Amino acid sequence: MTDILRRGRLGATDDEVDGFLSSFGSDRRIFGADIDVGRAHVVTLAECGIVSEDDARAILGALDEVEEGGFDALDGTHEDVHPAIEAEVVERVGEDTGGRLHTARSRNDEVATCIRIALRDEIIGCMRDVLALRSALVDRAEETDDYLVSGYTHLQRAQPTTIGHHLLSYDAALERDFGRLADAYGRVNESPLGSAAFAGTSFGIDRERTAELLGFDRPTRNSMDGVASRGFAVESVSSALNASVTLSRLCEDLVLWSSHEFGIVEFDDAYASTSSIMPQKKNPDTAELARGKTATVHGALTATVTNLKGLPSAYNRDLQEATGRIWEAFDAARSSCRVLAGVIDTAGFDRGSARATVEDGFVGATELADTLVRETGIAFRTAHHVVASVAEQTDKPTADDVRDVFREVTGDALELDDERLENALEPRGCVESHDSYGAPGDEGLVDEARDALEADMDTLNSLEEDLELSEEMLNEAVEEIR
Ligand code: ARG
């Protein structure tokens, strides 16, 4: 007999099965939401004449006490937070009263509503964290908008830009990431409450009312969809992932720039670590971890989508397993955003080392070709041949080098004064002349970034105001019954 058989029982112990079934661990995140869902539900039951005002009053009082006791005071042996809260209510006011809380609802619509409420807060928090990072990026960009640095493609020196322009590229990407979160919010903010198990209820409930009291824009349109769908989670986590991917690229640039070879950025001590064996080292660990956490967010999205794929309607317990992934994703994305805001805010940018990346490597090659096209009327492809031949000979050409090669390739003398040629070859002139919209020489970039930041701040504030208003409305409805 194997050991397993000798123990007298196959498989898990009862405790292990209970633990397997339980979502208590991740339900901490929806404790506050479930209390509010209980409040809005019982208020509406009373308003609709489904429970008496006396019972509603008693239940509301019990919910206040449960809230005050906090999540840790709950009996964690329940399958999840919902029966644990209901049990506390029943213990306080008796089953004939407390037992009416769950009239016309199911854990299926209850949990879906709770997740949406808690997720709303995460999305709003994430939007705020993104704004903090953007604000740091814009501030530092303003300070470094004349720090010349080479931009890279294929990690090869390409064309000169400025550190400011480089930093603003991340602000621009994060502006879209912010917009994605805001869009997801709109679809998260619908209330499944009242869908009950999936087929609604024969009680005369008012789904518009519970939706309004909980700050939702509207009830979900179909009761089966309300409990079965988690598309809102996929969309939210995917928005968090988009932001994380943006962060991971910023991190990679910071890690490269902080290397001895580049020496363009120095992390503040608070955001760096040293080596346990190599005392000279200052490692950009915060940026590396933020880069690594992108994998956590990606994993959460993959797990969520995989969980949902092919599930039969309506509620299935698999869904419980997806909920924790939402929180993991937002924890990872949000902490990365906040830490990177600090990294950017405190980083030291080295003008000299940045400048060194445009001193050689012929980063003015494109501008030289463009200048030849503009000033002599030759085709761009011909100019490309000329400059490629110059580049074969030297990575720091003089005006005379260009003249010689021009004659060799085209057979003609180059009719262009030295000043124009040198301006094309000089990184500063090159950057300043690149003043097309959005380019490093566009002087309006910082102002435009600030305007976008302010507009997004307004968007965020108005979402928060809406939630505050609904909170007041719920309080008033509760007071009305008291
Ligand atoms: N803990 C469950 C979850 O997170 C709550 C819903 C349980 N519903 C059910 N029919 N067992 O999904």
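Residues numbered from 1 in each chain as written. Predicted model: local features only at pLDDT ≥ 70, side-chain atom pairs only at ≥ 80, totals over all residues. Heavy atoms only, no water.

## Let's talk about the overall build of the protein
Of the regular secondary structure elements, the protein holds 21 helices and 6 strands. A compact globule built from 482 residues would reach a C-alpha radius of gyration of about 23 Å, whereas the protein, at 30 Å, exceeds it by more than 25%. A principal-axis box enclosing the C-alpha atoms of the protein has dimensions of 100 × 65 × 40 Å. For the protein, with 482 residues in total, the buried portion stands at 46%. (Helix = DSSP H or I, 4+ residues; strand = E, 2+ residues; numbered from the N terminus. Rg over C-alpha atoms; globule rule 2.2 N^0.38 Å. Buried < 20%, exposed > 50% of the residue type's maximum accessible area, 1.4 Å probe, protein only.)

## Points about the site of the ligand
Taken together, Ser23, Asp80, Arg107, Asn108, Val111, Tyr315 and Gln320 make up all the residues around the ligand. The side chain of aspartate 80 places a nitrogen or oxygen atom 2.7 Å from a nitrogen atom of the ligand. Between the ligand and glutamine 320 there is a distance of 2.8 Å, counted from a nitrogen atom to a side-chain nitrogen or oxygen. Burial of the ligand by the protein chains amounts to 87% of its free accessible area of 340 Å². Element by element, the count of residues in the shell around the ligand is highest for helix 8 (residues 107-143), at 3 residues. Among the residues making up the shell around the ligand, the classes are represented as 2 nonpolar, 3 polar and 2 charged. (Near = heavy atom within 4 Å. Polar contact = N/O pair within 3.5 Å; in protein donor to acceptor, adjacent residues only side chain to side chain. Areas by Shrake-Rupley, 256 points an atom, 1.4 Å probe, with all protein chains shown as cover. Nonpolar A, V, L, I, M, F, W, Y, C, P; charged D, E, K, R; others polar.)

## Quick word on the pattern of salt bridges
Tallying each qualifying case throughout the model produces 43 salt bridges. Salt-bridge contacts for glutamate 67 lead to arginine 39; the nearest nitrogen and oxygen are separated by 2.7 Å. With glutamate 67 in helix 5 (residues 53-69) and arginine 39 in helix 4 (residues 31-47), this residue pair connects regions lying 28 residues apart in the sequence. Residue glutamate 67 is classed as partly exposed on the basis of its relative accessible area, which comes to 35%. The class of arginine 39 is buried, set by a relative accessible area of 10%. The partner of glutamate 65 in a salt bridge is arginine 92, and the shortest N-O contact between them spans 2.8 Å. Note that glutamate 65 is positioned in helix 5 and arginine 92 in helix 6 (residues 81-93), a separation of 27 residues in sequence. With relative accessibility at 45%, the residue glutamate 65 sits in the partly exposed group. Overlapping salt bridges, with partners in common, bring together Arg29, Glu122, Asp129, Asp331, Arg334 and Arg338 in one network. (Salt bridge = Lys/Arg side-chain N within 4 Å of Asp/Glu carboxyl O.)

## Remarks on the packing of aromatic side chains
All told, the structure shown has 3 aromatic pairs when counted by the stated rule. Between phenylalanine 24 and phenylalanine 71 the ring centres are 5.1 Å apart and the planes differ by 40 degrees, which places this aromatic pair in the tilted class. Of this pair, phenylalanine 24 sits in helix 3 (residues 24-27) while phenylalanine 71 sits in the loop between helix 5 and helix 6, and the two are 47 residues apart along the sequence. Members of the aromatic cluster, connected to one another through ring pairs, are Phe24, Phe31 and Phe71. Taking NZ or CZ as reference, arginine 116 lies 4.1 Å from the ring centre of phenylalanine 232, over its face. Its guanidinium or amino end placed over the ring of phenylalanine 216, arginine 120 lies 4.7 Å from that ring's centre, counting from NZ or CZ. (Phe/Tyr/Trp six-rings, centres within 6.5 Å; stacked < 30°, edge-to-face > 60°. Lys NZ or Arg CZ within 6 Å of the ring centre and 35° of its normal.)

## Some thoughts on the packing of helix 8 against helix 12 (residues 231-257)
Their axes nearest at 11 Å, the elements helix 8 and helix 12 cross at an angle of 20 degrees. One finds that helix 8 runs roughly parallel with respect to helix 12. Handedness of the crossing formed by helix 8 with helix 12: left-handed. Between helix 8 and helix 12, the contacting residues are Ile115, Arg116, Leu119, Ile123, Leu133 and Leu137 on the first element and Phe232, Ala233, Ser236, Leu247 and Leu250 on the second. (Axes fitted to C-alpha atoms, helices over the stretch in contact; angles between N-to-C directions. Parallel < 35°, antiparallel > 145°, perpendicular 65-115°, else oblique. Left-handed = near helix turned anticlockwise from the far one by under 90°. Contact = heavy atoms within 4.5 Å.)

## Things to note about the side chain of aspartate 442
The topology assignment puts aspartate 442 in the loop between helix 20 (427-433) and helix 21 (445-481). Of the side chains with opposite charge, arginine 450 lies nearest to the buried aspartate 442, which makes no salt bridge, at 14 Å. With residues up to four places along the chain from it excluded, the contact list for aspartate 442 reads His434, Asp435, Ser436 and Tyr437. (Lys, Arg positive; Asp, Glu negative; His and termini not counted.)

## Topic: the pairing of strand 1 (residues 148-153)
The pairing of strand 1 with strand 2 (residues 156-162) spans 6 bridges and is antiparallel. Looking at the pairing, tyrosine 152 lines up with arginine 157 of strand 2. Taking the residues that link successive antiparallel strands as the turn, the strand 1-strand 2 hairpin has 2 residues, and the phi of histidine 154 there is positive, at about 55 degrees. (Pairing = 2+ DSSP bridges.)

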